[in-house]
Amino acid sequence: MTATFFRRTALAMALVATSLGAALTAAAQEAKPVRILTNWFAQPDQAGYWQAQQDKLGAEAGIRISVLQGGPKIQTIPQVASGQAEFGIGNADDVMLARLRGAPVRAVFAHLDYVPYALVYHADPAVKGIADLQGRSFAVNIGNAYWEWTKKQYKLANTREIPVSGDLSLFRNDARMVQQGYSLYLPARMEEAGIAVQSISLASLGYRPYNVLFTTDEMIQKHPALVKATLAAVQKGWSNYVRNPSGLKPMLLEMNKQISPAVYDAANKEMIEKLISHDLSKIGCMNDARWTELASQLRSVAFLPAGFNEKQAYDRTLVPGCGS
């Protein structure tokens, strides 16, 4: 073989590598960006979405997932409805009520079996159930559906309601205060602050709205392949997270300084034990009965009219393995 042959071969290989590199670059540039807007600062109950971003899931389907961190000024439903993100995180009851008001949003994926609402109170052996909290001060989201339903269902009377905040000093200084929060975080934060507490979950009282990912009617109708590819990617993201729940810990703790390593670990444990499907192939699945139950609860406190059809608020046919 001559030197000319080797030079030609090397040149051909270089041209192939250049063409391949250009093709890969073009493919990366053509990947459709998919934005997922979270409803709070980065934390474990969003983990599967951050995992999907970190693992670059969906690339083979031509999408690039980007998670946008939320906060106190973020309202995911109006922002997704107005096109500021393709998907958003929310609660099933909020999606249903937004739908009633004309927002064209629809839940498509349930990452947690229920929103982990809890009523947290100072440790007290005399409190055996919610009836024993009668007459206390409640720091809650005033006017929220879960609270109106709880008051009516359990006949809570003579309660003083104040707006909930992240400041624990009011709670610390009032032994009869009850504070609303996520069971994943608030009890552990209070224990770290030296406040002994107990809690009652809203799910144990019967109020169980899914924690969901939602999108718009337009996305489902005009871009069904993109929606399905996104849901397949985030389903795998949640599955990857469950298999290695500590993998995201450094990133999320860096993004959200309010969560300590111990609180992070406790939240992971509760989520994996109670809130995420143990059949990883069923993560994201929803059922009609749960939506019907929730709609009935909202009607009981006049948040929904009798004629509202809850099926317009969700589509459970788009997640792989969930069936029609």
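See the structure above.
Residues numbered from 1 in each chain as written. Predicted model: local features only at pLDDT ≥ 70, side-chain atom pairs only at ≥ 80, totals over all residues. Heavy atoms only, no water.

Another point: the overall build of the chain. Of regular secondary structure, the chain possesses 13 helices and ten strands. By the burial criterion, 48% of the 324 residues in the chain qualify as buried. Excluding contacts between residues fewer than 6 apart, the proportion of contacts in the chain whose partners are at least 24 apart in sequence is 78%. Once the 33 positive and 27 negative side-chain charges of the chain are each reduced to a mean point, those two points are 4 Å apart. (Helix = DSSP H or I, 4+ residues; strand = E, 2+ residues; numbered from the N terminus. Buried < 20%, exposed > 50% of the residue type's maximum accessible area, 1.4 Å probe, protein only. Contact = heavy atoms within 4.5 Å. Lys, Arg positive; Asp, Glu negative; His and termini not counted. Charge placed at Lys NZ, Arg CZ, Asp CG, Glu CD.)

If you walk through the whole model with that rule in mind, you get 14 salt bridges. In this structure, Asp288 engages Arg316 in a salt bridge whose closest nitrogen and oxygen atoms are separated by 3.1 Å. Residue Asp288 is located in helix H13 (residues 288–300), and its partner Arg316 is located in the segment after H13; the two are separated by 28 residues in the primary sequence. Its relative accessible area of 26% is what places Asp288 among the partly exposed residues. (Salt bridge = Lys/Arg side-chain N within 4 Å of Asp/Glu carboxyl O.)

Under the definition given, this model contains twelve aromatic pairs. Both rings, one in Trp149 and one in Tyr154, keep their centres 6.1 Å apart while their planes meet at 80°; by these two values the pair is edge-to-face. Counting every residue linked through ring pairs, the aromatic cluster contains Tyr49, Phe109, Trp238 and Tyr241. (Phe/Tyr/Trp six-rings, centres within 6.5 Å; stacked < 30°, edge-to-face > 60°.)

Next up on the list: H13. Here H13 is 13 residues long and its end C-alpha atoms lie 18 Å apart, about the 18 Å a rise of 1.5 Å per residue gives. Burial in H13 covers these residues: Arg290, Trp291, Leu294, Ala295, Gln297 and Leu298. Along H13, the residues classed as buried sweep out an arc of 160° about the axis, all on the same side. On the buried face of H13, the contacting elements are helix H4 (92–100), strand E4 (105–112), helix H5 (145–153) and strand E10 (211–216). Regarding H13, its N-cap is Asn287, as a side-chain oxygen of that residue lies 3.1 Å from the backbone nitrogen of Ala289 further along. (Expected span 1.5 Å × (residues − 1). Arc of directions from axis to C-beta. Polar contact = N/O pair within 3.5 Å; in protein donor to acceptor, adjacent residues only side chain to side chain.)

This part is about the state of the cysteines. Summed over all chains, the structure comprises one disulfide. Covalent S-S linkage joins Cys285 and Cys322, the inter-sulfur distance amounting to 1.9 Å. When the S-S torsion is -90°, as for the bridge of Cys285 with Cys322, the disulfide is left-handed. Taken together, the residues Cys285 in the loop between helix H12 (261–275) and H13 and Cys322 in the segment after H13 connect sequence positions 37 residues apart. (Disulfide = S-S within 2.5 Å.)

Among the eight residues of E4, eight are classified as buried, and the element is accordingly described as predominantly covered. Pairing of E4 with E10, which is carried by six bridges, proceeds in the antiparallel orientation. Bridge pairing links Leu112 to Asn211 in E10. (Pairing = 2+ DSSP bridges.)

Our focus in this paragraph is the sheet that holds strand E6 (residues 137–140). Consider a sheet: its strands pair through backbone hydrogen bonds, and that pairing is either parallel or antiparallel. The sheet built from five strands is open, its strands ordered E7-E6-E8-E5-E9 with mixed pairing. A single partner strand is all that each edge strand has here, and the edge strands are strand E7 (160–163) and strand E9 (197–201). For this sheet the average axis-to-axis angle between neighbouring strands, irrespective of direction, equals 30°. Bridge count between E6 and E7: four bridges; the pairing is parallel. For Phe138, the partnering residue across the bridge sits in E7 and is Glu161. The sheet contacts of H5 involve strand E5 (117–122), E6, E7 and strand E8 (177–182), and relative to E6 the element is tilted by about 155°. (Axes fitted to C-alpha atoms, helices over the stretch in contact; angles between N-to-C directions.)

Turning our attention to the packing of helix H10 (residues 224–243) against H12. Look at H10 against H12: their axes get within 11 Å of each other, and the N-to-C directions meet at 115°. Considering how the two elements wind past one another, H10 and H12 form a crossing that is left-handed. Packed against H10, whose contacting residues are Trp238, Tyr241 and Val242, the element H12 presents Asn268, Met271 and Ile272 at the interface. Class assignment for the residues of the contact of H10 with H12 results in five nonpolar, one polar and no charged. (Left-handed = near helix turned anticlockwise from the far one by under 90°. Nonpolar A, V, L, I, M, F, W, Y, C, P; charged D, E, K, R; others polar.)

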